[in-house]
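Residue strings, one per chain:
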Amino acid sequence: MAEPATATQAAAPAVALLKDELDIVIPTIRNLDFLEMWRPFFQPYHLIIVQDGDPSKTIKVPEGFDYELYNRNDINRILGPKASCISFKDSACRCFGYMVSKKKYIFTIDDDCFVAKDPSGKAINALEQHIKNLLSPSTPFFFNTLYDPYREGADFVRGYPFSLREGVPTAVSHGLWLNIPDYDAPTQLVKPLERNTRYVDAVLTIPKGTLFPMCGMNLAFNRQLIGQAMYFGLMGDGQPIGRYDDMWAGWCTKVICDHLGLGVKTGLPYIYHSKASNPFVNLRKEYKGIYWQEEIIPFFQQAALPKDCTTVQKCYIELAKQVKEKLSKVDPYFDKLADAMVTWIEAWDELNPTGAAVPNGKAK
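Residues numbered from 1 in each chain as written. Predicted model: local features only at pLDDT ≥ 70, side-chain atom pairs only at ≥ 80, totals over all residues. Heavy atoms only, no water.

- In the annotation of an unreviewed UniProt entry, the protein is listed under the name UDP-arabinopyranose mutase and assigned to Hibiscus syriacus.
- Regarding the protein, the relevant UniProt record gives this comment under Sequence similarities (unreviewed entry): "Belongs to the RGP family."
- Heading Subcellular location (unreviewed entry) of the UniProt record for the protein holds this comment: "Golgi apparatus". (UniProt positions renumbered as here; feature names shortened; annotations may be inferred.)

### Section: the UniProt feature "glycosylation site" (unreviewed entry) in the protein
- Here, the residues flagged by UniProt with the feature "glycosylation site" (unreviewed entry) are R158.
- Turning to its location among the elements, R158 is positioned in the loop between helix 4 (126–135) and strand 6 (170–179).
- For R158, a relative accessible area of 84% corresponds to the exposed category. (Helix = DSSP H or I, 4+ residues; strand = E, 2+ residues; numbered from the N terminus. Buried < 20%, exposed > 50% of the residue type's maximum accessible area, 1.4 Å probe, protein only.)

### Here we look at unusual backbone geometry
- The residue after L268, namely P269, is reached through a cis peptide bond having omega 10 degrees.
- Mapping P269 onto the fold places it in strand 9 (residues 263–273).
- In this model, L18 sits at a positive phi of 55 degrees, which is unusual for a non-glycine residue.
- Tracing the backbone through its elements, the reader meets L18 in the segment before strand 1 (22–28).
- In this structure L18 comes out as buried when scored by relative accessible area, which is 17%.

### A look at the side chain of H174
- Mapped onto the secondary structure, H174 falls in strand 6.
- Relative accessible area serves as the criterion here: at 4%, H174 is assigned to the buried category.
- A distance of 3.0 Å separates a polar atom in the side chain of H174 from the backbone nitrogen of C215.
- For H174, the side chain forms a polar contact with the side chain of T266, separated by 2.9 Å. (Polar contact = N/O pair within 3.5 Å; in protein donor to acceptor, adjacent residues only side chain to side chain.)

### Quick notes on helix 4
- Counting buried residues along helix 4, seven of its 10 residues qualify, which places the element largely inside the surrounding structure.
- Turning to helix 4, its buried residues number three or more, namely A126, L127, Q129, H130, I131, N133 and L134.

Below you can see the structure in the form of structure tokens.
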């Protein structure tokens, strides 16, 4: 059975990579005691904590961390009427942290995710591996059977086109989980005792044209390249659906990455997911999405963006238009979601005016 690493097993790295270029975003409703375990890896970095639920509740953060904390009152104050696009009583609120960050990179993690151990028993510095993934290219146009050719000990295999070996910039690094897998409610109910103990030492680029179910609990991305697409939708309080926030962002992001020639990696790093959520509560949140996804996924598989969509903002506004045109017939919720997607971009550009028109894929 996989077990989390202890704080004493997690040795601080010699150098904190991208210390001044990366924010760690954490959505939470509780005191952040879990940060003690991550202290050796996270303490050099700036944290953005997005408090969900009751804004009058005080969230305690261990001493020694550099952080800013936003609750619902702060979100309403900063965004005004546009705060309607940020979910309430749902971890989807984390995307507000992406919007207010001014850093090039984002790493986001849930507060029930602990430090995992590799097969040798060594504590895994998940953040360091995400950074390695983001700083090396992706290969979305041709699959390499040795997976990530840029990792130490690997390369391009015989028959791989030399014209494609330069790769493309990596926009997203999607990590995995030991212990509690990221299952939907029906699978949780059928396999209540299943735990993931398999550590697969691999990173691979998700090919162009292939969608994937993105999980937000162990995720990093280049905010300059793709941040505007990382909108986690309308979920939670007052909405007919939950637990599809990260997947919605992943589908939108992947379509836009494919269009702009950017890469998405999945695999390492692992975190230790400590707590299984209640499958009956999850089923209540998910049940409409389980039906809807049979139409949502073909929509994204067929989505085409015009050539004049050269920035993430333009791509995202175009996707919102297509959501309104094609998914509103599934449920009126998608009409509201499409409007919120536009509001999200407007709010992003208000808070980040200088980067509003930078062509993505060419950002420095």
